[in-house]
Amino acid sequence: MHLREVQETVKELKKKLDEKHGAWGPFALVTDLVEEVGEIAEAVKAREGAKPGKELSEEKLGMELADAIYSIAALANHYNIGLEENFEKIISSIRKRFL
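Attention in this report is confined to the structure presented alongside it. All values reported here derive from a predicted model rather than from experimental measurement. (Residues numbered from 1 in each chain as written. Predicted model: local features only at pLDDT ≥ 70, side-chain atom pairs only at ≥ 80, totals over all residues. Heavy atoms only, no water.)

1. Focus on the overall build of the chain
Helix and strand counts for the chain come out as four helices and zero strands. The C-alpha atoms of the chain give 16 Å as radius of gyration, which overshoots the globular expectation for 99 residues (13 Å, by more than 25%). Considered along the principal axes of its C-alpha atoms, the chain spans approximately 45 × 40 × 25 Å. Scored against the burial criterion, the 99 residues of the chain give a buried share of 22%. For the chain, the share of sequence-separated contacts (at least 6 apart) that also reach a separation of at least 24 residues comes to 67%. Surface summary for the chain: the accessible area is close to 7500 Å², and the carbon and sulfur share equals 60%. (Helix = DSSP H or I, 4+ residues; strand = E, 2+ residues; numbered from the N terminus. Rg over C-alpha atoms; globule rule 2.2 N^0.38 Å. Buried < 20%, exposed > 50% of the residue type's maximum accessible area, 1.4 Å probe, protein only. Contact = heavy atoms within 4.5 Å. Areas by Shrake-Rupley, 256 points an atom, 1.4 Å probe, with all protein chains shown as cover.)

2. Side note on the side chain of Asp32
Along the chain, Asp32 falls in helix 2 (residues 26-47). With no salt bridge to any partner, buried Asp32 finds its closest opposite charge in Lys14, at an N-O distance of 9.8 Å. A polar contact is formed between the side chain of Asp32 and the side chain of Ser71, at a distance of 2.9 Å. Aside from chain neighbours lying at most four places away, what touches Asp32 is Trp24 and Ser71. (Lys, Arg positive; Asp, Glu negative; His and termini not counted. Salt bridge = Lys/Arg side-chain N within 4 Å of Asp/Glu carboxyl O. Polar contact = N/O pair within 3.5 Å; in protein donor to acceptor, adjacent residues only side chain to side chain.)

Structural data, given as structure tokens:
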């Protein structure tokens, strides 16, 4: 799925969720993103053995990463930002700076 498709899918889903549960504004979206990043950090710590007694599957880590992508797409949609175009720009910038 391309980033444009991700954003469109999130837009359609979020519209339905907003109708059912009430709209989330930008503050709720960004705090949700921060929460998801925290969950990724916890998942990586567990996966790398930094949390004794807690193991984590690759699938669980993948789901946490996907949750963050959802949150990023929802926030980008709120501000009408095209992630695909901006991602291409940042990749080009990284290549120029570091390769």
